[in-house]
Amino acid sequence: MPAPHDRVAVVTGASRGLGKGIALALGDAGYTVYVTGRSTEPGTHDLGGTIGETAAQVTERGGTGIAVACDHRDDAAGAALAEQVRREQGVLDLLVNNAFAVPDDITASGHFWEKSLDAVATFDVGLRSTYTTTWHATPLLLDSAERSPLIVNISGFGAVCYLHGPAYGAVKAGVDKMTHDMAVDLDGSGVSVVSLWPGLLRTERTMRVVDADPDLYAASLPIMEHPELTGRTIAALDAGPSTAKRERSGRALIGAELAIELGVTDVDGRVPVSRRNLLGAPLSYSDAVVR
């Protein structure tokens, strides 16, 4: 892993799950990490976790964790977050857009019209929040351009295969296209942006399902990724040469494949396994630019 340094990161939606794993891995690499989310009081979420607990663990692991209560549906909160980072750090090197609304029945069986309309929350915290958080943070990223800043938008295989229904898929596909178009606007600025696809993750939510029926998921367990793998991969990309970031800017990247390219292993030493053959590959877009 990279040696501790003075790079500053924002990881959205990091009370638990993938966001927490990313934040902790960045702590291992010495980052100052702004941990955002809505969970501020222990016991208020059935899966546990708060932004304060994550921030404290980031600090314990060698970084500096800073908890910021932020509802990413609220544009004013996004603006305040960017202003706080500017005021306290003066720079921003890494923005990880991970915040995502997870309605209770999004993974339930059934057709989309048979589930609640709560699925549209993913458009607000998942797609729209990725845009607005980046919009507020980009002036600071541009001011930090000599430090080769990086934006990572968390997406996934749902962009190209049926996964959890049409709302989920539309959000993931939208994040990938948004990433491509952001890269067009950022070209030549010194700021790079990628979309990253994790595999099947050992999050608290997923493991609760696995633990309820371990026999059903026995075949999947050996290839499930720890949430910190994604953070390790992001840290390795960010620590690499600026040319490597620029070359990938605008692309959707399968996390396992990027990890292998960068020599990153999971927390238990395993080499991750790409799900490309099973679930599909990122799309390519036209090079045409119409302004």
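Predicted, not measured: the structure shown is a model, and the values here were computed from it. (Residues numbered from 1 in each chain as written. Predicted model: local features only at pLDDT ≥ 70, side-chain atom pairs only at ≥ 80, totals over all residues. Heavy atoms only, no water.)

1. Some points on the pairing of strand β6 (residues 192-197)
Note the cut-off: When accessible area is computed with a 1.4 Å probe and restricted to protein chains, residues below 20% of their type maximum are described as buried, those above 50% as exposed, and intermediate ones as partly exposed. Note on conventions: DSSP H or I runs of at least 4 residues are helices, E runs of at least 2 residues are strands, and numbering of each starts at the N terminus. Strands were regarded as paired on the criterion that DSSP finds at least two bridges between them.
Counting buried residues along β6, six of its six residues qualify, which places the element largely inside the surrounding structure. When strand β5 (residues 150-154) meets β6, the two strands line up parallel, connected through five bridges. Following the sheet pairing, V152 is matched in β6 by V194. Across three bridges, β6 lies against strand β7 (residues 252-254) in parallel orientation. Paired with L196 across the bridge in β7 is L253.

2. With respect to the pattern of salt bridges
This is how it is decided: Basic side-chain nitrogens of Lys or Arg form a salt bridge, by our definition, when they fall within 4 Å of a carboxyl oxygen of Asp or Glu.
The full count for this structure, using the stated rule, is 16 salt bridges. Between D75 and R128 there is a salt bridge, with its nearest N and O atoms 2.9 Å apart. Taken together, the residues D75 in helix α3 (residues 75-88) and R128 in helix α4 (residues 121-143) connect sequence positions 53 residues apart. The class for R128 is partly exposed, based on a relative accessible area of 37%. Here D143 ties to R86 by a salt bridge, and the two come within 3.0 Å at their closest N and O atoms. Here the residue D143 occupies a position in helix α4, and R86 occupies one in helix α3, the gap between them amounting to 57 residues. For R86, a relative accessible area of 31% translates into the label partly exposed. One connected set of salt bridges, linked through shared partners, spans D6, R7, D93, R147, D238 and K245.

3. Here we look at the packing of aromatic side chains
Heads up, the condition is: Pairing of aromatic rings covers Phe, Tyr and Trp, the last counted by its six-membered ring, and requires centre-to-centre distances within 6.5 Å; plane angles under 30 degrees mean stacked, over 60 mean edge-to-face, and any other angle means tilted. Look at NZ for Lys and CZ for Arg. If either is within 6 Å of the ring centre and within 35 degrees of the ring normal, a charge sits over the ring.
Inspection of every chain in the model, using the stated rule, returns three aromatic pairs. Consider the rings of F100 and Y168, whose centres lie 5.6 Å apart with planes at 85°: the pair is edge-to-face. One end of the pair, F100, is in the loop between β4 (94-97) and α4; the other, Y168, is in helix α5 (residues 166-186), and 68 residues separate them in sequence. Take F100: its relative accessible area is 23%, and that puts it in the partly exposed class. Residue classification places Y168 among the buried positions, given a relative accessible area of 14%. Here the aromatic rings of F112 and W113 are separated by 5.1 Å at their centres, their planes lie at 90°, and the arrangement is edge-to-face. On the basis of relative accessibility, which here comes to 52%, the residue F112 falls in the exposed class. What makes W113 exposed here is its relative accessible area of 57%. Stacked on the ring of F100, the Lys or Arg K172 has its end atom at 4.3 Å from the ring centre. In this arrangement the basic side chain of K177 is found over the ring face of Y285, its NZ or CZ atom lying 5.9 Å from the centre.

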